[in-house]
Amino acid sequence: ADLDLDRRRKAEVLPFLSRLCDEFSIPILYVSHSLEEVLNLADRLVLMDQGGVAASGPIEDLMARTDLAHLIGDQDPGTVIPTTVDAHADGLTRLGFAGGVMWAPRVAAAIGSPVRVRIAARSVAIALEKPRETSFQNIFGGIVTEISPGPDEMTDVRMDIGCPLTARITSRARSSLALVPGKQVFALVKSVAVSR
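Residues numbered from 1 in each chain as written. Predicted model: local features only at pLDDT ≥ 70, side-chain atom pairs only at ≥ 80, totals over all residues. Heavy atoms only, no water.

1. Thoughts on the overall build of the protein
Secondary structure assignment for the protein yields five helices and twelve strands. Looking at the 196 residues of the protein, the share that counts as buried comes to 37%. For the protein, restricting intrachain contacts to residue pairs at least 6 apart in sequence, the fraction spanning at least 24 positions comes to 54%. (Helix = DSSP H or I, 4+ residues; strand = E, 2+ residues; numbered from the N terminus. Buried < 20%, exposed > 50% of the residue type's maximum accessible area, 1.4 Å probe, protein only. Contact = heavy atoms within 4.5 Å.)

Printed below as a string of structure tokens:
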């Protein structure tokens, strides 16, 4: 019960901190182990390891680095993409971003509002041809930029879809698709998490 109360209090305080920073244009140093809090509040991230700075920079850049996943406390690396609310329709929100548009569960934000999207690497599939009849709402053409080994016979595939996007697929899938840097692919995004 105390944990639920703590979450409710944080939910009340975090929007206040965000407005404080925006309205008064003052920097805030916020220390947290919660990825959700960081995504909702931070523009820049400083990752600490054993008392020293391991990495620092824009949150979108650091969250895209699979080599930092253990410091972020996230076993499933992902991509953070800045977007803008374009429209609301059919219980979904259309978001504009550097690679085009994507659909997310309805976001309680006005048209034109900036929102940050996180796409977990395990929520991204890769196809060599654009699927025609599918339930995937978000399909993006892109180019493979980097391939690196992941844990447990998995492979992390970075793509450029107008911005970086990472997929975590099996090593067998990488081999069967003959993925190499420079190959044109389609990224199929199953789910999108939105932060304000």
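2. Focus: the nonpolar core
With 28 residues, the main nonpolar core has M102, I119, V124, I126, M159, L165 and L179 as its most contacted residues. Setting aside residues up to four positions removed in sequence, L179 forms contacts with I126, L128, V144, I147, V157, I169, R174 and V185. Judged by nonpolar contacts, the second largest core, of eleven residues, contains V38, L47, A55 and L68. (Core = buried A, V, L, I, M, F, W, Y, C linked by side-chain atoms within 4.5 Å.)

3. Some thoughts on the confidence of the model for the protein
Averaged over all residues, the pLDDT of the protein equals 84, while 88% of them reach at least 70. Helix α1 (residues 2–24) is the least confidently modelled element of the protein, averaging 67 in pLDDT, while strand β11 (residues 184–189) averages 97, the highest of any element. (pLDDT = per-residue confidence, 0-100.)

4. A few points about the side chain of S113
Positionally, S113 belongs in the loop between β5 (100–105) and β6 (114–120). In this structure S113 comes out as buried when scored by relative accessible area, which is 14%. With near-sequence residues (within four places) excluded, S113 lies in contact with T83, T84 and V85.

5. Some points on the sheet that holds strand β10 (residues 164–170)
Note: strands within a sheet are paired through backbone hydrogen bonds, in either parallel or antiparallel orientation. Pairing is antiparallel in the open sheet, where five strands are placed in the order β7-β11-β8-β9-β10. Bordering the open sheet on either side are β7 (124–127) and β10, each of which pairs with just one other strand. If you compare each strand with its neighbour and ignore which way they point, the axes differ by 45° on average. (Pairing = 2+ DSSP bridges. Axes fitted to C-alpha atoms, helices over the stretch in contact; angles between N-to-C directions.)

6. Section: the pattern of salt bridges
Scanning all chains against the criterion turns up two salt bridges. Across the salt bridge formed by R168 and D156, the nearest N and O atoms sit 2.7 Å from each other. Within this pair, whereas R168 is found in strand β10, its partner D156 is found in strand β9 (residues 154–160), the two being separated by twelve residues in sequence. For D156, a relative accessible area of 3% translates into the label buried. (Salt bridge = Lys/Arg side-chain N within 4 Å of Asp/Glu carboxyl O.)

7. Observations regarding the packing of aromatic side chains
Inspection of the entire model under this criterion finds one aromatic pair. Judged by centre distance (5.4 Å) and plane angle (80°), the ring pair of F97 and F140 falls under edge-to-face. In this pair, F97 sits in strand β4 (residues 92–97) while F140 sits in strand β8 (residues 138–149), placing the two residues 43 residues apart along the sequence. Here F97 falls in the buried class, since its relative accessible area comes to 10%. (Phe/Tyr/Trp six-rings, centres within 6.5 Å; stacked < 30°, edge-to-face > 60°.)

8. Focus on the pairing of strand β1 (residues 44–49)
Bridging between β1 and strand β2 (residues 52–58) involves six bridges; their strand directions are antiparallel. Following the sheet pairing, R44 is matched in β2 by P58. Between β1 and β2, which pair antiparallel one after the other, the connecting turn spans two residues, and Q50 there sits at a positive phi close to 55°.

9. Overview of a nonpolar patch on the surface
Together, F24, I26, I28 and Y30 line one region of the surface with nonpolar side chains, adding up to about 360 Å² of accessible area. Take I26: its relative accessible area is 37%, and that puts it in the partly exposed class. (Patch = residues over 30% accessible without salt bridge, like charges linked within 9 Å, V, L, I, M, F, W, Y side chains within 5 Å. Areas by Shrake-Rupley, 256 points an atom, 1.4 Å probe, with all protein chains shown as cover.)

10. Describing the environment of A121
Take A121: it is sitting in the loop between β6 and β7. The spatial distance from the C-alpha of A121 to the C-alpha of P77 is 5.6 Å, given a sequence separation of 44 residues.

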